[in-house]
Amino acid sequence: MSNPPTTPLPAHKLTFLQSCLSANALKFGTFTLKSGRTSPYFFNAGLFHEGHLLRSISTAFAETIHNSPLCRATGEVGFDILFGPAYKGIPLAATTLLKLCDRSEARYGALSYSFNRKEAKDHGEGGNIVGAPLKNKRVVIIDDVITAGTAIREAIEIIKVQGGKLVGIVVAFDRMERVGDGEAQRGSAIGEVRRQYGVPVLSILSLDDVVEFLRGLGGEEDLRRLQEYRERYQARD
Ligand SMILES: O=P(O)(O)OC[C@H]1O[C@H](OP(=O)(O)OP(=O)(O)O)[C@H](O)[C@@H]1O
Ligand SMILES: O=C(O)c1cc(=O)[nH]c(=O)[nH]1
């Protein structure tokens, strides 16, 4: 297979990708996904459990948010709450907020985070939201991965039911896949959400970045399997 010349990844992506590899969070092999697809690679955000790795992923999220349209150069911040869907979104929302606050307490110190319980609690404080209530708040979802977009749509529904307003989505990894297998579902999961809700949907890394990186390393077999998978599930937008 002949590959076009590689473009170097920007430094912040390369740093995060190196953390993914050192955490073993990006693995090549055979994996079954939530969507039922069989994938030659898997991104496991649960493996960022050592302090320095957690710092790395939360720093990458905080950078992505700080430099996005969600935060304007004027200092105005366009959201009130970072919402981390259970389970893997939970530590990501909490530690990203902490990183933003470390960066500028004046800007980010009064913002909140919250997350859902997968099963509602019927004693004590009850309910299924922990942390800041979402009602009438501008909410950004923070999550690990988008594949077919099911998990993100579930999170959007929770925000709606709780009376919050979705203003953005940030994920660590965009797998750049189509929503479904039918001809009518060829749009990307991220693209469909962007179109439907009109909000920014950002990612730290994408499948394209990993392909680019593997090309630079000469990882021929992993690259071949990734490209085969991508041809099957890639989106048309
Ligand atoms: O875009 P999708 O096709 O929905 O797939 C991606 C989602 O699948 C996994 O969630 P899971 O429900 O397994 O949650 P957890 O591991 O965070 O509990 C993963 O954490 C993503 O959130
Ligand atoms: O689609 C999924 O279920 C999925 C893909 C992936 O790379 N990582 C993950 O945690 N879930």
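First, a word on scope: everything that follows refers to the structure included in this document.

Cut-offs applied
Residues numbered from 1 in each chain as written. Chains lettered and ligands numbered in written order. Predicted model: local features only at pLDDT ≥ 70, side-chain atom pairs only at ≥ 80, totals over all residues. Heavy atoms only, no water. Near = heavy atom within 4 Å. Polar contact = N/O pair within 3.5 Å; in protein donor to acceptor, adjacent residues only side chain to side chain. Areas by Shrake-Rupley, 256 points an atom, 1.4 Å probe, with all protein chains shown as cover. 1 Å grid on protein atoms, 1.4 Å probe; cavity = no way out; pocket = protein on both sides within 12 Å on 5 of 7 lines; lining within 4 Å. Points joined across faces, edges and corners; volume = space filled by probe spheres on them. Helix = DSSP H or I, 4+ residues; strand = E, 2+ residues; numbered from the N terminus. Nonpolar A, V, L, I, M, F, W, Y, C, P; charged D, E, K, R; others polar. Pairing = 2+ DSSP bridges. Axes fitted to C-alpha atoms, helices over the stretch in contact; angles between N-to-C directions. Contact = heavy atoms within 4.5 Å. Disulfide = S-S within 2.5 Å.

## Focus on the site of ligand 2
- Close contacts around ligand 2 come from Leu33, Lys34, Phe42, Phe43, Lys88, Asp144, Val145, Thr147 and Arg175, and that covers them all.
- Lys34 has a polar backbone atom sitting 2.9 Å from an oxygen atom of ligand 2.
- Between an oxygen atom of ligand 2 and a side-chain N or O atom of Arg175, the distance comes to 2.8 Å.
- About the coverage of ligand 2: the protein hides 89% of its 290 Å² of free accessible area.

## Describing the layout of surface pockets
- Of the pockets and cavities examined, the largest pocket occupies roughly 600 Å³.
- As for the largest pocket, its lining consists of 28 residues, and the residues nearest its centre are Lys34, Asp143, Asp144, Val145 and Ala151.
- Put simply, the parts of the chain that give the lining of the largest pocket at least two residues each are strand S2 (38–43), strand S4 (112–121), strand S6 (138–146) and helix H5 (150–161).
- The greatest single-element share of the lining of the largest pocket, amounting to six residues, is contributed by H5.
- Per-class residue counts for the lining of the largest pocket are 14 nonpolar, seven polar and seven charged.

## Some details on the sheet that holds S6
- Judged by pairing direction, the sheet is mixed, and its six strands sit side by side in the order S5-S4-S3-S6-S7-S8 without closing on themselves. The sheet is open, and its two borders are formed by strand S5 (127–131) and strand S8 (201–206), each paired with just one other strand. Ignoring strand direction, the axes of neighbouring strands in this sheet form an average angle of 25°.
- Sheet contacts for H5: strand S3 (81–84), S4, S5, S6 and strand S7 (165–174); angle to S6, the most-contacted strand, approximately 160°.

## Points about the state of the cysteines
- Enumeration according to the criterion identifies zero disulfides in this entry.
- Considering cysteine sulfurs only, Cys101 is the nearest to Cys71, which forms no disulfide, with 13 Å between them.

## Section: the environment of Leu14
- Tracing the sequence through the fold places Leu14 in helix H1 (residues 11–22).
- A sequence separation of 191 residues divides Leu14 from Leu205, and the C-alpha atoms of the two residues are 9.2 Å apart.
- Excluding residues within four positions of it along the chain, Leu14 makes contact with Leu9 and Phe213.

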